[in-house]
Protein chains: 2
Amino acid sequence: MIEKGVESLWEEVREVSLGNSVDRLLSPPTSLQFLRDFVSQNKPCIISNAISHWPALSLWLNPSYLSTVLSSSLVSLHLTPHGNADALVPHPLHPSTLCFVSAHVQPTPFPQALDLICQPPDHLVSYLQQQNDCFRTEYGELESDCDDHIPWASDALGCHPEAVNLWIGNHLSETSFHKDHYENLYAVVSGEKHFLLLPPTDVHRMYIREYPAARYSYSEESEEFCLELEEPQRYVPWCSVNPYPPAGTEKQERSKFPLYFNGPKPFEVTVKAGEILYLPSMWFHYVRQSPGEGGCTIAVNYWYDMQFDIKYAYFNFLQSLPYRSTDSPKMPESECEVSGSHASPNHESAAKDVEANKECEEV
Amino acid sequence: MIEKGVESLWEEVREVSLGNSVDRLLSPPTSLQFLRDFVSQNKPCIISNAISHWPALSLWLNPSYLSTVLSSSLVSLHLTPHGNADALVPHPLHPSTLCFVSAHVQPTPFPQALDLICQPPDHLVSYLQQQNDCFRTEYGELESDCDDHIPWASDALGCHPEAVNLWIGNHLSETSFHKDHYENLYAVVSGEKHFLLLPPTDVHRMYIREYPAARYSYSEESEEFCLELEEPQRYVPWCSVNPYPPAGTEKQERSKFPLYFNGPKPFEVTVKAGEILYLPSMWFHYVRQSPGEGGCTIAVNYWYDMQFDIKYAYFNFLQSLPYRSTDSPKMPESECEVSGSHASPNHESAAKDVEANKECEEV
């Protein structure tokens, strides 16, 4: 009964509101239009020609410009072995289960960080992506190259951004499915960002489960990453679905997450240099990137406070409902165990493992 | 499980968004503010000093002004025995069950209609309340006394009203709980309107059931109403709850509709002459009125098209879920039967009754 209703909800929100693709505006909307047609309806859009006046659009194509302006800046560089931070990886002690891993964060002189991104070495992936208002702090020297807010969005939302973040990465870095409690204006300055988007109504298709939190620790000397569980132990609810499963695991992943793979297609969106994506609050998104001329992808995003209104209450209600998949194909017992452990991680047995919670990963 | 989640939803939408009472604005909002703080959030508000410039506010206090301007107008007067049209009354053939009754609509010269409202006779209640854009058609002569739309609302909603309706009634007329698929700007010109409001999240508390449609037919000669089932038979989904049950039936009504009577209080709002209520789309409302100086209550309401967006999809999903009340007090068997028949009217047996579908009501 619930299951049928939930599936109808996935369909109906697409039928009545979202359609088959994300709307494209050829110029910035008025604040009223943006609020009425997109924010109020919790509906994404792409806006072209909204940042054509930013000096950043031309200046940042040249890596040496950036390295000169930020020559004396120490920035937070995120290091991972394969480009997936804030993502699920095999648990260090129970590799048949997963944990939620954060990157190793290394304070690094900006010019060196940029080199690592643009000419990546074999053994590590670097990503500048500190999401703590870093554009106005660590990268303050670049402030005059962009607007400090998006005027029509600030007007519509009735406030200025709570945080402005800079993202500099390469094709190796991906951001796994998650949602944010912000209205997000995501401006691409160089290269392209590729988003997969799902509305909040599709929450059951994300298989959000609690995962033990872990962290990469990188040793410059040995050039090796070590995967350490956090102490004290902490659990992070995270989306289980990898929309691009590694070769050879597709069948297994499809059978673990049938609601994602067999349900309505996610919205696929490529945001090019000079464009802004309005990514509505609570939407699930997965992000990949293609580098531009300078060898990297650069974006600035503006997080505005969201309204905790009836849409938010409806979402929490929907998420609280159990979805018991009846049509998922039968799996061999060993795989069922893995899947079960996502659904209900065994906190007690995990706690016992805290004493010996390190497992090093050779790269 | 569903029941607990639904009850949390009732609470959460109040906690995060609605609060304990309806917001009051002392002057008209800007269109952005109206859209951002109310329409987008599906949240009602009352606006004072929004129609102070309407000539209607002073002119319509004088019944003879209205009767002079509309001296040659034939208007649709709604007649009922007790003031409740579009409401549930005992079924003409099975009085232990209910039917949905519409008023007898009598084309009447306006001056005579107004007299019937302001000096009501004992045997019938008259209400001018044709909801078919009547203000711009039947009452076209009054057009210059009001604005033809609410500027900041039209700006916010991006359109002009789909319908503008005039309401002239007295304290005997009530409108039973229902919802409309419109954004509603409800301006009171004379007297007071008293609303009970419940958000769409509370749909299960309304006990919406299908009722056979019937119609009052009034004979001027006999001064009697006849209650006739519609032919061909038609079923109307309608809210079962009467928030003001007649003396002596309170206990029974409370035990039939515990989710309404024991859940969060409805929002109680009195809208005075000169004020506008923004009644968001899909909100359940029950309306009573107190007459002003001229002996009647007069209001003009503007129906704007609503957006069929994620909120609408969420509502339909919520409504589709069964709520199985477990905590409703045990009732004697006879009462249970009545309640059961609301939940699932027996269409077949009702169809058999169509042949003899009239039952007259002495007043």
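Here the structure is a predicted model, which means the values were calculated and not measured.

> Summarise the overall build of chain A; cite the residues concerned and give the values.
The number of helices and strands found in chain A is 11 helices and 20 strands. In chain A, buried positions account for 56% of the 363 residues. Of the contacts made within chain A by residues no fewer than 6 positions apart, 83% connect residues no fewer than 24 positions apart. Counting every atom, chain A has about 15,300 Å² of accessible surface; 48% of that belongs to carbon and sulfur.

> Outline the pattern of salt bridges, supporting the account with residue identities and numerical values.
Residues and elements named next belong to chain A. Enumeration over the complete set of coordinates arrives at 18 salt bridges over all chains. A salt bridge links arginine 136 to aspartate 133; its shortest N-O distance comes to 2.9 Å. Assessed through its relative accessible area of 17%, aspartate 133 is described here as buried. Within the structure, one salt-bridge network assembled from shared partners comprises Arg14, Asp202 and Arg205.

> Now, about the relation of the copies chain A and chain B: what can you tell me, with residues and values included?
The transform that puts chain A on chain B rotates by 180 degrees and translates by 0.0 Å along the axis, for an RMSD of 0.0 Å. On the angle and the small slide along the axis, the relation comes out as a two-fold axis. Considering only C-alpha atoms, the residue of chain A closest to the rotation axis is Ser40(A), which sits at 2.2 Å. Looking at chain A, 100% of its interface residues are interface residues in chain B too, so the copies touch through the same face.

> Describe in detail the pairing of strand β11 (residues 182-190) of chain A, supporting the description with residues and values.
Residue and element names in this part refer to chain A. For β11, the buried fraction is high: 8 of the 9 residues fall into the buried class. With 8 bridges connecting them, β11 and strand β19 (residues 297-305) associate as antiparallel partners. Each bridged residue has a counterpart across the sheet, and for valine 188 the counterpart in β19 is alanine 299. Taken together, the 4 bridges between β11 and strand β17 (residues 276-279) define a ladder with antiparallel strand orientation. Within the sheet, the bridge partner assigned to tyrosine 186 lies in β17 and is leucine 277.

> Tell me about the environment of Phe100(B), residues and numbers included.
All names here are of chain B. Within the element layout of this structure, phenylalanine 100 appears in strand β6 (residues 98-102). Each C-alpha atom, one on phenylalanine 100 and one on glutamate 12, is 33 Å from the other, the two residues being 88 residues apart in sequence. In contact with phenylalanine 100, other than residues within four places in its own chain, are Asp86, Ala87, Leu88, Tyr211, Pro212, Ala213, Ala214, Val236 and Trp238.

> Tell me about the confidence of the model for chain A, residues and numbers included.
Detailed reading of predicted coordinates is not advised where the pLDDT is low. Residues and elements named next belong to chain A. Considering every residue of chain A, the mean pLDDT works out to 90; 89% of them sit at 70 or more. Contacts from residues 327-363, a stretch scored under 50 in pLDDT, to residues over four places away or in other chains number 56 contacts. This prediction of the complex comes with two scores: 0.89 for pTM and 0.89 for ipTM.

> Which residues make up the interface of chain A and chain B, and what values go with them?
Facing the 38 residues of chain A at the interface are 38 residues of chain B. Both sides of the chain A and chain B interface together cover about 3,300 Å² of buried area, and 69% of this is carbon and sulfur. Counting the surface chain A buries against chain B, the share from its top three residues, Ile310(A), Tyr314(A) and Phe317(A), is 22%. If you look at where chain A meets chain B, you find 0 salt bridges. Of the residues forming the side of chain A that touches chain B, the biggest block, 10 residues, is contributed by helix α9 (residues 310-320) of chain A. Across the side of chain A that touches chain B, the residue classes tally to 21 nonpolar, 11 polar and 6 charged.

> Explain the pairing of strand β14 (residues 224-229) of chain B to me, using residue names and the numbers behind them.
Successive side chains on a regular strand alternate, one facing one side of the sheet and the next facing the other. All names here are of chain B. As judged from the 6 bridges shared by strand β13 (residues 208-219) and β14, these two strands associate in the antiparallel manner. By the bridge assignment, serine 217 is partnered in β14 with cysteine 226. Taking the residues between adjacent antiparallel strands as the criterion, β13 and β14 are bridged by 4 residues, where glutamate 223 takes a positive phi near 55 degrees.

> Got a sec to walk through the sheet that holds strand β16 (residues 267-272) of chain B? Specific residues and values, please.
Residues and elements named next belong to chain B. Here 5 strands make up an open sheet; going across it, the order is β4-β10-β18-β12-β16 and the pairing mixed. Unpaired on one side and paired on the other, β4 (84-85) and β16 mark the two borders of the sheet. In this structure, strand β12 (residues 192-198) lies alongside strand β18 (residues 284-290), joined through 7 bridges in antiparallel fashion. When the sheet's bridge partners are listed, leucine 198 is paired in β18 with phenylalanine 284.

> Give me the lowdown on helix α1 (residues 2-18) of chain B, citing residues and values where you can.
Helix length check: α1(B) (17 residues) gives 22 Å between terminal C-alpha atoms against 24 Å at 1.5 Å per residue, within 8%. Listed as buried for α1(B) are Ile2(B), Glu3(B), Gly5(B), Val6(B), Leu9(B), Trp10(B), Glu12(B), Val13(B), Arg14(B), Ser17(B) and Leu18(B).

> Pulling in residues and values, what's your account of the sheet that holds strand β16 (residues 267-272) of chain A?
Residue and element names in this part refer to chain A. Spatially, 5 strands are ordered β4-β10-β18-β12-β16 in an open sheet, and the strand pairing comes out mixed. Two strands in the sheet have a free side with no partner beyond their single neighbour: β4 (84-85) and β16. Pairing of strand β12 (residues 192-198) with β16 involves 6 bridges; the strand directions are antiparallel. Its bridge partner lying in β16, phenylalanine 195 is registered against valine 269.

> Any details on helix α5 (residues 110-118) of chain A? Residues and values, ideally.
Residues and elements named next belong to chain A. For α5, every residue scored as buried is listed here: Phe110, Ala113, Leu114, Ile117 and Cys118. All buried residues of α5 fall inside an arc of 125 degrees around its axis, so they share one side. Looking at the buried side of α5, the elements it contacts are α4 (63-69), β3 (74-80), β7 (104-109), β8 (125-128) and β9 (163-169).

> Quick one: what's the story with the packing of aromatic side chains, residue by residue and with numbers?
What characterises a pair of aromatic rings is the spacing of the ring centres plus the angle enclosed by the ring planes. Residues and elements named next belong to chain A. Scanning all chains against the criterion turns up 42 aromatic pairs over all chains. Between tyrosine 218 and phenylalanine 225, the aromatic rings sit 4.7 Å apart at their centres with planes inclined by 40 degrees, giving tilted as the arrangement. Of the residues examined, tyrosine 218 reaches a relative accessible area of 10% and is grouped as buried. Judged by its relative accessible area of 0%, phenylalanine 225 is buried. The rings of Phe177, Tyr244, Tyr260, Phe261 and Tyr286 are connected pair by pair, giving a single aromatic cluster.

> Report on unusual backbone geometry, specifying residues and quantitative values.
Of note, the bond from Glu231(A) into Pro232(A) is cis; its omega dihedral lies within 30 degrees of zero at -5 degrees. You can see Pro232(A) is positioned in the loop between β14 (224-229) and β15 (235-239). With a phi close to 55 degrees, Asn49(B) is a non-glycine residue in the positive phi region. Locating Asn49(B) in the fold gives a position in the loop between β2 (45-47) and α3 (56-59). Judged by relative accessible area, Asn49(B) falls into the partly exposed class, the value being 48%.

Rules behind the numbers
Residues numbered from 1 in each chain as written. Chains lettered and ligands numbered in written order. Predicted model: local features only at pLDDT ≥ 70, side-chain atom pairs only at ≥ 80, totals over all residues. Heavy atoms only, no water. Helix = DSSP H or I, 4+ residues; strand = E, 2+ residues; numbered from the N terminus. Buried < 20%, exposed > 50% of the residue type's maximum accessible area, 1.4 Å probe, protein only. Contact = heavy atoms within 4.5 Å. Areas by Shrake-Rupley, 256 points an atom, 1.4 Å probe, with all protein chains shown as cover. Salt bridge = Lys/Arg side-chain N within 4 Å of Asp/Glu carboxyl O. Least-squares fit on C-alpha atoms with pLDDT ≥ 70 in both. Pairing = 2+ DSSP bridges. pLDDT = per-residue confidence, 0-100. Buried area = accessible area lost by both parts, 1.4 Å probe. Nonpolar A, V, L, I, M, F, W, Y, C, P; charged D, E, K, R; others polar. Expected span 1.5 Å × (residues − 1). Arc of directions from axis to C-beta. Phe/Tyr/Trp six-rings, centres within 6.5 Å; stacked < 30°, edge-to-face > 60°.

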